[in-house]
Structure formats: structure tokens, C-alpha cells
Amino acid sequence: MEIEKSCCITGRRKIPLACQEHVLHLLKKKVQEALCDGFRCFLSGFADGADLYFAKLVAEKKEEYPDIQLVAAIPYRQSLNKLQQDPEILKILNEDWCHIEVCNESYHRGVFAKRNRYLVEHARRVIAVYDDIPSRGTYSTIQTAEKLNRDIHYIPFSAETDSTPQ
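Residues numbered from 1 in each chain as written. Predicted model: local features only at pLDDT ≥ 70, side-chain atom pairs only at ≥ 80, totals over all residues. Heavy atoms only, no water.

The next thing to look at is the sheet that holds strand β1 (residues 6–11). Strand order in this open sheet of 6 strands is β4-β3-β2-β1-β5-β6, and the pairing throughout is parallel. Whereas interior strands pair on both sides, the edge strands pair on one side only; in this sheet they are β4 (98–102) and β6 (151–156). When strand polarity is set aside, the average angle formed by the axes of neighbouring strands in this sheet is 20°. Sheet topology places β1 next to strand β2 (residues 41–44); 3 bridges connect them, and they run parallel. Across the sheet, Cys8 pairs through a bridge with Leu43, a residue of β2. The strands touched by helix α1 (residues 17–36) are β1, β2, β5 (125–130) and β6; relative to β6, the strand with the most contacts, the crossing angle is about 160°. (Pairing = 2+ DSSP bridges. Helix = DSSP H or I, 4+ residues; strand = E, 2+ residues; numbered from the N terminus. Axes fitted to C-alpha atoms, helices over the stretch in contact; angles between N-to-C directions. Contact = heavy atoms within 4.5 Å.)

All right, on to the packing of α1 against helix α2 (residues 50–60) then. Two elements in contact, α1 and α2, have axes whose closest approach is 10 Å; the angle formed by their N-to-C orientations is 45°. Here α1 lies oblique to α2, going by the angle between them. Regarding α1 and α2, the two cross each other, and that crossing is right-handed. Each of Gln20, Leu24, Leu27, Lys28 and Val31 in α1 lies in contact with α2, whose residues at this interface are Ala50, Tyr53, Phe54, Leu57, Val58 and Glu60. (Parallel < 35°, antiparallel > 145°, perpendicular 65-115°, else oblique. Left-handed = near helix turned anticlockwise from the far one by under 90°.)

This model, assessed by the stated rule, comprises 5 aromatic pairs. Seen from their ring centres, Tyr76 and Tyr107 are 5.4 Å apart, and the 70° between their planes marks the pair as edge-to-face. Placement of Tyr76 in the loop between β3 (69–74) and α3 (77–83) and of Tyr107 in the loop between β4 and α5 (111–121) is noted, with a sequence separation of 31 residues between them. Grouped by ring-pair contacts, the aromatic residues Tyr76, Tyr107 and Phe112 constitute a single cluster. (Phe/Tyr/Trp six-rings, centres within 6.5 Å; stacked < 30°, edge-to-face > 60°.)

Moving on to the pattern of salt bridges. Under the criterion given, the structure shown has 11 salt bridges. Residue Arg125 pairs with Asp37 through a salt bridge whose shortest N-O separation is 2.8 Å. Of the two residues, Arg125 sits in strand β5 while Asp37 sits in the loop between α1 and β2, which places them 88 residues apart along the sequence. Residue Asp37 is classed as partly exposed on the basis of its relative accessible area of 43%. If you follow the salt bridges from partner to partner, you end up with Asp37, Arg125 and Asp151 in one network. (Salt bridge = Lys/Arg side-chain N within 4 Å of Asp/Glu carboxyl O. Buried < 20%, exposed > 50% of the residue type's maximum accessible area, 1.4 Å probe, protein only.)

Side chains of β2 alternate between two faces, with Cys41 and Leu43 and Phe42 and Ser44 buried alike. Taken together, β1, α1 and β2 form a β-α-β motif whose crossover is right-handed. Pairing analysis gives 4 bridges linking β2 to β3, with the strands arranged parallel. Bridge pairing in β3 places Ser44 opposite Ala72. (Right-handed = clockwise from strand over helix to strand, strands pointing away.)

With that settled, consider the nonpolar core. Membership of the largest hydrophobic core comes to 36 residues, with the highest contact counts inside it found for Phe42, Phe46, Phe54 and Leu70. Going through the elements one at a time, β1, α1, α2, β3, α3, α4 (87–93), β4 and β5 are the ones with two or more residues in this core. It is α2 that contributes the most residues to this core, 7 residues altogether. If sequence neighbours within four positions are ignored, Phe54 has contacts with Cys7, Cys8, Ile9, Leu27, Val31, Phe42, Leu43, Ser44 and Ile127. Formed by 16 residues, the second largest nonpolar core is a distinct cluster that contains Cys8, Ala73, Leu119 and Ala128. (Core = buried A, V, L, I, M, F, W, Y, C linked by side-chain atoms within 4.5 Å.)

Dropping the structure here:
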């Protein structure tokens, strides 16, 4: 995987219902921009929310861009087993152009931080679906991306727009 042509996602698991259409529209736009800028490897942590939206959007682009790859950076083995229970996700994971990287064999307190660091270390561009709440994993991932001088593209939304999560 060539880091210069790799793009990853970081973002919230719960995107308020009132923001979902807006976030999806902008995420679709950011994926298309990355493709137009020559990015061909896309990394996702396959968590609910932004990660899965991103992975599905990339999968939709495969026919138009046959040379793209998707890396599923899974935090620990049991979470992969859970993902494989969803037929739509399983279909993506089983594609020959999707590489699965299990970051840890078992759960421990730092598995998500380790997975997020893996994403940022293996991508030049980071798309961040972010609600300006500094105490969450997305914020830490953005800080890591800034320290590593990554190209960060923000998709902002307000967590207070609607209390109904996806």
C-alpha cells in the first residue's frame, strides 16, 4: 500500500438523524475528490456511522475505478466476527480488493486507539466527520493526523442538531 495515494476516515459512530443526509452528501463528495486526486487505497475502521458510510461509498465506486483498494482496519478479532454477521458488510469484506487488517487478537482498553493510529499512519489524507467535541476518539485521531502532518479534510456537523442517533 502506497501511503501517498491512501486516504482514511475518522468520524463519529452516532451521527444525529438531522445531520445524516448532509454528512453523507459531503462524504460522497470527499470520496470523489480523493479519487480525482489520484487516491486509490481507502482505509476504514468499519465502525458504525462515518466508517461504514465511507466503506460503502468506496465500494460503490469500484466499478468506475477498478484499481481501488479498501483496507478494513478492524480493532480486534471479535469485532470482525460481529461485522461478518451483516450480509451487506460481509459482501464488502469478502471482495478480493478488500484487505482485512486485524489490529489486535483480543479486546483490551487501547484497541480503538491502536486501530485509529494504524489508519492515520497508513494514509496521507484523512477525512474527518467531526462534531467539535474534544473528548472523543475522533478528536484524538485528528490530533495524531496533525502531528503526522496529514492532509485533513473536515466534514463538520453539530452533535446538538438532533439527539436521535443513527
